[in-house]
Every structure is written in C-alpha cells, then in structure tokens.
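# Descriptive structure summary
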Amino acid sequence: MTQQTSSSEVLPPVADSSRKTSFRILGAISVSHMLNDMTQSLIVAIYPMLQGEFSLSFGQIGLITLTYQLTASLLQPLIGLYTDKHPKPFSLPVGMTFTLVGLMLLAYASSFPMVLIAAALVGTGSSVFHPESSRVARMASGGKHGMAQSVFQVGGNFGSSLGPLMAAIFIAPYGKGALTWFALAPLLAIVVLLQIGRWYQAQQRSNGGKAFKPSGAQRLPNKTIAFSLFILLTLIFSKYFYLASISSYYTFYLMHKFGVTLQNAQVHLFVFLFAVAAGTIIGGPVGDRIGRKYVIWASILGAAPFTLLLPYASLFWTGILTVIIGLIMASAFSAILVYAQEMIPGKIGMVSGLFFGLSFGMGGLGAAALGYVADHTSIEMVYHICAFLPLLGILTALLPNIENKE
C-alpha cells in the first residue's frame, strides 16, 4: 500500500524538459562510466591472485575493498556539495587520471601497503568522477531523469561486469603485470571526458555561468526529508551490503563449495555482474512511467525469495539464482537516486555524491565485515547471513509520495 499525502506534500516533477534529451552526451557519459568501472572492477577480479601473491587472509581482502570504498565514499558528498555551487566541467578527466595512476601502481605493487595505496587512488578517482557525471546525465536528460540515470548507470554496471571477464582472459594467464594493458581504458575515458567537459562548459555559459537550478520545485518539511533519507540510506545499505557478498567473495564461494577453477568462477562472476548491468536499464524508465516508489519496493524486497534460496542451491541453480538476484536488485539504484534528487531539488551533486558514496561505503564495510565472518566461520556462512538483507525493502512503505503518478 502507498501512503496518502496532502496536496502540499506533492512535489511537481523537477523538469528541464525545455531542453531536448542529448543522447550523444548520455551515450558518452555512459561509455566513460563503463571504462571507469571496468578499470575499478579489475581490483576485485584479481583478489585470488593478490591473495596468492601476498598470502592474504579474507580479512585483508576485505580491507582492500574497504580502503577503495571508503576513499570512494567519504569525498563524494563533499565534492558534490562544492560543485553544486561551483560547477567544474573539467573535474571529470582529473578524476579519471587518479584512476589511471592507481591502476598502474597496482600493476607494479610489490607489497600489501602498495596495494592499499593503489586502491585508495582508484577510490579517489571514483569520488571525483561520479557526482559530476551524474549531474551531466541529468543535464542531458531533457526531463527524462530516470531514463538518463539508468543509461548512465548501465554503463558503470556493464563495465563492472567486464572486469572479471577481462581478468580471466588477459590477466590470470599472464599475471598482475598485465594490468598495464588496461591503461588504455582510462586514457580513452579521459579523451571522451574532455569533450563532455566542453559541452558542460557551454551549457554553463548559456546559464550565465551559474549552476542549473530546478524550477517550480516545492520543498518537503525537513523532518520528512530526514526520515525519508534514513529509509533510502537503509535500503542502499541492504542492497550494497548484499552485493558485496557477491562481488568480493563469489569466486571464493564457488571455488570452495563446488570446486570450480578460478577462471570458471570469474566467468560466473561476469555473468552475475552482466545481469546487474542488464537490470539497471529497467529501473529508471519504469520509474519515470509508473512511479519510483513502486520500483524501489520491487527491486529490494522482490529479491528476498531468491537470496533466501541461494545458500541451499546446486552449482547450476546458484548461477540461475544469482542472475535473477542481479536483475531484480539492479533496478533499485536509479530509482532511489532520482527519488532523492527530486526530494531535495537544487542539490544534485550533493545527493548524487551522498548516494554513490554510500553505495561504495556500504560495499566496503560489507566486504570487511563479511571477510571477518568468513575467516572465523566459513565462506558459506556469509551467504546464509546476507540472505535476509533484502527483507529490509519492506521499509519502502514508509516513504512519502512525491510524484503525482504514485
């Protein structure tokens, strides 16, 4: 059931439909997101190699993810808040440069501390990239905000899915040094982002050099906003804490429980992440049409039956269930992000940074905590515990209705 709200609580859509949708820019920013997240996902994809080279525990594996995710999360809201007031069109290629340096350092890392530094640099690049790139997607949306965020997000998720596949094909046979081949990805992204920066700068000049402000948006009461943010952040926690169990430990789980090879396990991880990428494109456009609250509800709580079954499944059904889980849960983020952006108009960068940052932070904390659990119990116990997280999706019922179509 959805809650009824008074007319004063209903927000008109924050529209910029006076500008046409720029699919060229949406495509370019999505490709850049793909290259960025593919580069970053290589870190997770080579965890088994790092574990063998540096004799790492699961706790240390989790610490790598925590280092990357914390640097990717803590800076994002601050950068977004700053760029809301002072737009920086060319901060995007600067962020990608951090990612490039981190990748090269990881390729030649000779100790665990160097691996952590490399992860921190890649995380810093992500914290610069995501708030402004999300703003670019909204600027280019022509009012189709959910669709634009899904197009932007699907690039990142598809890139994340490519990391394990690339690692299986090009890195596993040749060693960690083969990461240098992938320097071409952030270099290409830098070239694309320079072009996007010029477009962004032209849009800014057409607006008198000021940040774009939504027109006609009413503001909800502060208490309602704070409570709604708490609910949304709890949902982000449930989604990304669970996804951390797959992205960081799925290969170990398959190798330990079913005895598959590393390359076979990486292919399974690719299939899951590809399902996440495919599911991402659903949430935004469907939210534009029927209302984002329905999408949020279905994409979190709807995954629960399948996560509860996963720990008891055979190898075949494990592959099937993880694809279904990926498809369902992937549609949540675009709907949650646009819902929050419309709830707090005029703070696109801050909201984007907060939610992208929290998604990384929850993934990092989840990886560290679940690594501790795996070390002290078993890798299978991780999936028994995480199976209940999607049940938090029931909290969606407490969100206010901020769209006329809901």
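Structural notes, computed from the coordinates. (Residues numbered from 1 in each chain as written. Predicted model: local features only at pLDDT ≥ 70, side-chain atom pairs only at ≥ 80, totals over all residues. Heavy atoms only, no water.)

## What to know about the nonpolar core
Judged by nonpolar contacts, the single largest core of 115 residues is most densely connected at Ile-64, Ile-171, Leu-232, Tyr-249, Met-343 and Phe-355. With 16 residues, helix 8 (residues 222-258) is the single largest residue contributor to this core. (Core = buried A, V, L, I, M, F, W, Y, C linked by side-chain atoms within 4.5 Å. Buried < 20%, exposed > 50% of the residue type's maximum accessible area, 1.4 Å probe, protein only. Helix = DSSP H or I, 4+ residues; strand = E, 2+ residues; numbered from the N terminus.)

## Brief notes about the packing of helix 2 (residues 47-54) against helix 8
Interhelical geometry of helix 2 versus helix 8 gives an angle of 70° and a closest axis separation of 10 Å. Relative to helix 8, the element helix 2 lies roughly perpendicular. Taken together, the residues of helix 8 that come into contact with helix 2 (itself represented by Tyr-47, Pro-48 and Gln-51) are Ser-248, Thr-251 and Phe-252. Across the contact of helix 2 with helix 8, the residue classes tally to 3 nonpolar, 3 polar and no charged. (Axes fitted to C-alpha atoms, helices over the stretch in contact; angles between N-to-C directions. Parallel < 35°, antiparallel > 145°, perpendicular 65-115°, else oblique. Contact = heavy atoms within 4.5 Å. Nonpolar A, V, L, I, M, F, W, Y, C, P; charged D, E, K, R; others polar.)

## What about helix 8?
Here helix 8 contains 37 residues, and its C-alpha end-to-end distance of 51 Å stays within 8% of the 54 Å for a straight helix at 1.5 Å per residue. Maximal helix bending in helix 8 amounts to about 70°, located at Tyr-249. A positive phi of about 70° marks Gly-259, the residue just after helix 8. (Expected span 1.5 Å × (residues − 1). Bend = angle between axes of the 7 residues up to and from the residue.)

## Quick notes on the environment of Thr-97
In this structure, Thr-97 sits in helix 4 (residues 91-107). A residue is classified by how much of its surface remains accessible, and Thr-97, at 35% relative accessible area, is partly exposed.

## Observations regarding helix 15 (residues 379-386)
Those residues of helix 15 that fall on the buried side of the exposure criterion are Ile-379, Glu-380, Val-382, Tyr-383 and Cys-386. The buried residues of helix 15 occupy an angular sector of 150° when the element is viewed end-on, so they sit on one face. (Arc of directions from axis to C-beta.)

## Regarding the pattern of salt bridges
Evaluation of the coordinates by the stated rule reveals 3 salt bridges. Here Glu-132 makes a salt bridge to Arg-135, at a shortest N to O gap of 2.6 Å. Of this pair, Glu-132 and Arg-135 both sit in helix 5 (residues 112-139), 3 residues apart, roughly one helical turn. Each of the two residues, Glu-132 as well as Arg-135, counts as buried. Through salt bridges that share partners, Asp-84, Glu-132 and Arg-135 make up one connected network. (Salt bridge = Lys/Arg side-chain N within 4 Å of Asp/Glu carboxyl O.)

## Things to note about the packing of aromatic side chains
For the structure shown, the criterion picks out 15 aromatic pairs. What links up through ring pairs into an aromatic cluster is the set Phe-170, Tyr-174, Trp-181 and Phe-182. In this structure, Lys-239 is placed above the aromatic ring of Tyr-240, and the distance from its NZ or CZ to the ring centre is 5.1 Å. (Phe/Tyr/Trp six-rings, centres within 6.5 Å; stacked < 30°, edge-to-face > 60°. Lys NZ or Arg CZ within 6 Å of the ring centre and 35° of its normal.)

## Things to note about the packing of helix 8 against helix 15
Each packed pair of helices is defined by two parameters, the angle between the axes and the distance between the axes. The contact between helix 8 and helix 15 brings their axes to 9 Å, and the two run at 140°. Crossing geometry of helix 8 relative to helix 15 is assigned as left-handed. Of the residues in helix 15, those in contact with Tyr-242, Ser-245, Ile-246, Tyr-249, Tyr-250, Phe-252, Tyr-253, His-256 and Lys-257 of helix 8 are Ile-379, Glu-380, Val-382, Tyr-383 and Cys-386. For the contact of helix 8 with helix 15, the per-class residue count stands at 10 nonpolar, 2 polar and 2 charged. (Left-handed = near helix turned anticlockwise from the far one by under 90°.)

Function cannot be inferred from these measures alone, as they are strictly geometric.
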